[in-house]
Each structure stands twice: as structure tokens, then as C-alpha cells.
Amino acid sequence: MTASRASDEVVDRSKIEERAPSVAHLFVDRVARTPRSEAFRFPAGDGWASVTWSDVGDRVHRLAAGLIALGIEPEERVAVASTTRYEWVLADLAVMCAGAATTTVYPTTTASDVAFIVANSGSRIVVAENEEQLTKLREHRDELPDVHRVVLIDGPVPEDEWVIGLDHLAQIGDMLLAERPTAVDDRIARISPDSLATLIYTSGTTGRPKGVRLPHSAWTYEAASIDAVGILDASDLQYLWLPLSHVFGKILLTLPLQIGFATAVDGRVDRIVDNLAVVKPTFMGAAPRIFEKAYARIVATVDAEGGAKKRIFDWAIGVGLAAAKARQAGTPLSRMQKAQYAVADRLVFRTIRNRFGGRLKFFISGSAALDRNVALWFDAVGIIVLEGYGLTETSAASLVNRPSAYRFGTVGWPLPGTDVRIASDGEVLIKSPGVMSGYHHNPEATEESLTSDGWFHTGDIGTIDADGYLRITDRKKDMFKTSNGKYVAPSAIAATFKGLCPYVGEIIVHGEGKSYCVALISLDGEAIAEWAVENGMADKPLKEIAAADATVSMMSTYVDRLNAGLNRWEQVKRFTILERELTVENGEITPSMKLKRKKVVDNFSDRISELYG
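In this report, the structure presented in the accompanying data block is examined. (Residues numbered from 1 in each chain as written. Predicted model: local features only at pLDDT ≥ 70, side-chain atom pairs only at ≥ 80, totals over all residues. Heavy atoms only, no water.)

### What to know about the environment of His 216
On the secondary structure map, His 216 appears in helix α9 (residues 216-228). Residue classification places His 216 among the buried positions, given a relative accessible area of 0%. Separated by 337 residues in the primary sequence, His 216 and Ser 553 place their C-alpha atoms 54 Å from one another. Those residues within four positions of His 216 in sequence are excluded, and the remaining contacts are Pro 21, Ser 22, Val 23, Ala 24, Met 96, Ile 191, Ser 192, Pro 193, Ser 195, Leu 196 and Ala 197. (Helix = DSSP H or I, 4+ residues; strand = E, 2+ residues; numbered from the N terminus. Buried < 20%, exposed > 50% of the residue type's maximum accessible area, 1.4 Å probe, protein only. Contact = heavy atoms within 4.5 Å.)

Put into C-alpha cells, the structure is as follows:
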């Protein structure tokens, strides 16, 4: 949607100028302002439990006191190794209120990398979700001399003085508070905006991951700047499933402290669609893969049913797409188009929206590029997907499309207070209060990424259009040059292909120094299983489906459609379908569902060699 430029946007800058000095201050202020309002809800048995801000405040206060009683000093690190769940929220807020800093650890991280992150960060306490996470720590206990206690969330606590339960931590806090009632309040009072709040380790594709140091001021700025543009308010309800170890999930955990809306927390990815229908949120953040899979699932289901239902569906989508394109062009709908859209909405779109709860104001997409056609399809059915952009080093959100001003294929306008420019080589540079203070114990990497006057080198290539919208072309390090001297942007091609083909998991385009491009294609197990039933392969394993002539023929059709929209040097001349899905466990996908391109290329280097004959 074409609108005024970001510089003309109405912004409540007082929210940024008067923001809280720390996340801990933000939290206690929220508890004081709306103690009886719902704060979080989370799975409990077959239903959901709900807690108020007062409930959360009491629990966090006790846990924070427990950390202080165990000897945690200001800015010392406490690691949290857990899936996204209510207890992660409690642990992180307790760390904030103890004046310490949270080291985030993905639950899928290998034992050796967990040991590196915990040791490199200097974490003194680790909050571990279960026996699996505890085992990783025990395997490398001799490498973790600074860790003097592990706090276990789930499962029986072993008879080991190294390990205590979460309830025990709260009880330790109660004892301290009985002696020193102001212990936590005193800690919070000492936190400054520059105090370290979070250490997030980036997923390294080569070597060890780097620890990104994010001060309290980065989080309070991010929350205040999003609040200042007025896209959310206290009446909203968030559904939060993203890994809280990831910067995208972490900012979505800070926003409710600033704005006061309730959040439903459940990190089980396989429950997202079912939970949306029950929780009925007004917004949710997600990686593009979630939207691609939802789109593919709906389209494939309708295709399989065929008949009159498919004809009505296709007609309705056509009507919706025409309306969506008109909105993007700023063209008003004719009376006939409005009437057609009303019918399409009643017959098709309302049903689709109800699958997602029926109350969505918008989705927020981040972490990777979202195909323009997928975003357009959602817009056609009445669901806005606002694509945004940021990195771990910029505390997540640096730019985001607005509900009243969004342009597909772009990541929107900068948040107020954030400056963006394009370097001479096309790299996107960002200057913002949300930018990290540096990499932990890594001054060389910090110097490479941050200029002396505060500009952060993102490593992404992009352009800014006349209306101020930023378009990301590709990762600088992922772009390659063919032997003919032509540059290819593989991530942009992959995003386009995933918008065309409902059965693809990932596509990795390769061609560095070669005369033509080839591709590795992985299948989406769920989507291809339904296709296999329709094509006589119902009982076949994925490996056989991938190798079947019918599958190769089907995929060739989609590759031809892809190539029709590409320059000659970008076109995929040969491809191979991988026999398995790409996984987090194999290091090919990050927990936030971002492709680790180099790892996939390394894992399937023999297949690439075969494609070049």
C-alpha cells in the first residue's frame, strides 16, 4: 500500500524519549500499572492456564531473590536452555530483576556448543528445561568451572548439590527476602541503560558462534519505538511460539512489558495452527516458513478435493488477488469488485481466517525473506503479513511494514530513531539505539562490524525506493558470481520458488564460478505426503518419493515456471531432489527456521558435483 514516507509518519516520540531505564524497570512498572490484567496464558492439561501481571510479579520477585541468594552479581550471566514456555519467561524476567544478564541457549544446541556458549559467556547458573539439557551440561561439566548451580524446570531433581528445582530456587528467594525485603528492589535500582541485559550467540556457519552483547537500552528502545508507531495496544493478544533464545522471540517478549497486552506462550511448532483457532490472537510473529507451509497446505487441500469447491476457491482467490494488487497500487475498487469480494469473503475467505482464530489484525514475518506472492495471497484472503527486518546485532526489529503502509517484497520503513543507508557496494548499514554494544570477548569481530561512528554492517544487500521502503536482495556472503561474470542472488530465487511450489521445503541454488546454476531441492514432508497419496505412492518412504519419476516431472514443471521469471544466467539448468528433509539436528536449519546454506552445500557436496557431471 502506497502511503506517506516514514518521515511523515505520525509517531509518539515521547514514548521513546521517556522510556524505562531497563527491562527490569519496565517489568515492575507494568506490574504496578496493571496488576489485575492478564499477562500470560500457557498450556495446562487439555486447556490453558492464565496469570495476571501481579501473579507474574510475585513469582519473578521470589526467583530473582533466589538468584541473588545464590551469589549472582550485577551483569553476571545466567544461561537459559529451554524451549519456549512460561517458565522461560519467568527465568528471563528473574534474571533481569536480579540485575544479571541472560545467556540464551537453544534447546537443540549440541552438547559441545552448549559447553562453549556457557563457558564463553561466563554463565554462573544455568536454567535447564529437563534431563536432556542437564545431560548436555554433565557431559562437559569439567569445562564449566564457573557454573556452580543448575536449576531444573521439569523432572525429578537428582540427589546432586549441583542441581536444584525451580521451586527450590523460589524458596531460597523467600529466605533472603525474609532477611532483606528490599534485596530485589535494590538490585533493580542499580541497573543502568548501558548495563548488559542479554547475550545471544549467533548461529555460526563457520567456526564458533559469536556472543552478541545487548544492553537494557537496546530492548527498551525497541519496545518503545514499536509502541510509538501505534500498531499495537493493550487490548491485543499475542500468540508467541518463536524460540525465546532467538532475538525475534525475545523482542516479542519485551513488547508486552511496554504495551501491556496479554501473550499466549507455547513453543510447540506442530500446535501452532490448532492453537491459533483456540487462542484467537490478534497478532503473531513467525518465520516465512510458517506462512509458506500454511499457504501450501490450504492450496493442496483444495486441489485434492477438486470439483465445484476448487472452482469456487480459485474464483475467490482471483477476486482477492485483484483487490490486493489494487490496494498495493493505491487504486480504489470498483462497485463490481467490492460486490465480488464480499461474496468471495463469505464463501471462502472467512473460513480461512477462522482457521487462524478469526481475530488477526496482522502477522509479522521476519528472520528470512518472505515471497511476495505468498504475502499477496494472504492479503487476498484478508490477512495482512507485515514483513520486517533486523538482526541479532540490532535487537531484532530495525524496519517493519505498517498495517496502514505496507509494500510486498520490502521490509518496510525504519523504526523511529533508526537510520538506514546503503553503502557504495550495496550493503545495508544501520545506526540505532538497538545496535549491540559489541561481540563478547571478540574485539576484532566488533571492529569489523561496527564503524567508529556507530554504523553496523549488516552483511545484507538492499535498495531503498523513492517512498523509503527497504528491499533486501540477498546476503552479501551468499551472492555468487558465475564464470560469465554475472551475479546471482540465491536467497531471492529461493523465496520466489517457495511461493510457486507448495511441495518444496528448501531450494539451494548453486553456481559459484560455474557456467550455469544448479539446485538442491528438499521436499516438505507433510505436503508431499498428501501429493504422494494422490499419485499412487501412499506407503512409500520420502526417499522413494523423492526419486520417483512422477515427482521429478512435477518438480520440473515448477522449476520451468521459476526460470520463466529469471534472467538467463540465474536460471536453474539442473536440479536434484534430496532424499530427506533438512533439519535442525543436522545443522542445516536454525531453530528459528532459517536456512544454513553453507552447511547444506557441505552436507550434499557430492550431489552438487553430480549435477555438474
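### Thoughts on the packing of helix α3 (residues 53-69) against helix α4 (residues 86-97)
Across the interface, α3 lies against α4 with an axial gap of 8 Å and an inter-helix angle of 60°. In terms of axis orientation, α3 runs oblique to α4. Between α3 and α4 lies a crossing of right-handed hand. Counted together, Val 56, Arg 59, Val 60, Leu 63, Ala 64 and Leu 67 of α3 and Tyr 86, Leu 90, Leu 93, Ala 94, Val 95 and Cys 97 of α4 form the full contact between these two elements. Of the residues contributing to the contact of α3 with α4, the split by class is eleven nonpolar, no polar and one charged. (Axes fitted to C-alpha atoms, helices over the stretch in contact; angles between N-to-C directions. Parallel < 35°, antiparallel > 145°, perpendicular 65-115°, else oblique. Left-handed = near helix turned anticlockwise from the far one by under 90°. Nonpolar A, V, L, I, M, F, W, Y, C, P; charged D, E, K, R; others polar.)

### A closer look at the packing of α3 against helix α8 (residues 183-190)
For the pair α3 and α8, the least separation of the axes is 9 Å and the interaxial angle reads 80°. With respect to each other, α3 and α8 are oriented roughly perpendicular. Across the interface between the two elements, His 61, Ala 64, Ala 65 and Ile 68 of α3 pack against Ala 183, Val 184, Asp 185 and Arg 187 of α8. Of the residues contributing to the contact of α3 with α8, the split by class is five nonpolar, one polar and two charged.

### Some details on the side chain of Gln 328
Mapped onto the fold, Gln 328 is located in helix α13 (residues 307-329). A relative accessible area of 11% means that Gln 328 is categorised as buried. Looking at Gln 328, its side chain comes within polar contact range of the main-chain nitrogen of Phe 408, at 3.0 Å. (Polar contact = N/O pair within 3.5 Å; in protein donor to acceptor, adjacent residues only side chain to side chain.)

### Remarks on helix α12 (residues 288-305)
Relative to the 26 Å expected for 18 residues at 1.5 Å per residue, α12 spans 26 Å between its end C-alpha atoms, a close match to the ideal helical length. Within α12, the full set of buried residues consists of Pro 288, Arg 289, Ile 290, Phe 291, Glu 292, Ala 294, Tyr 295, Ala 296, Ile 298, Val 299, Ala 300 and Val 302. (Expected span 1.5 Å × (residues − 1).)

### A look at the sheet that holds strand β12 (residues 283-286)
The strand order across the open sheet formed by nine strands is β2-β1-β11-β10-β12-β13-β14-β15-β16, and the pairing between neighbours is mixed. The strands lining the two open edges of the sheet, one partner per strand, are β2 (47-52) and β16 (413-414). Pairing of strand β10 (residues 237-240) with strand β11 (residues 262-265), which is carried by four bridges, proceeds in the parallel orientation. Looking across to β11, one finds that Tyr 239 is bridged to Ala 264. Lying on the sheet, α3 is in contact with β1 (38-44) and β2; it crosses β2 at an angle near 75°. (Pairing = 2+ DSSP bridges.)

So, to be careful, I would describe these as geometric facts and stop short of saying anything about function.
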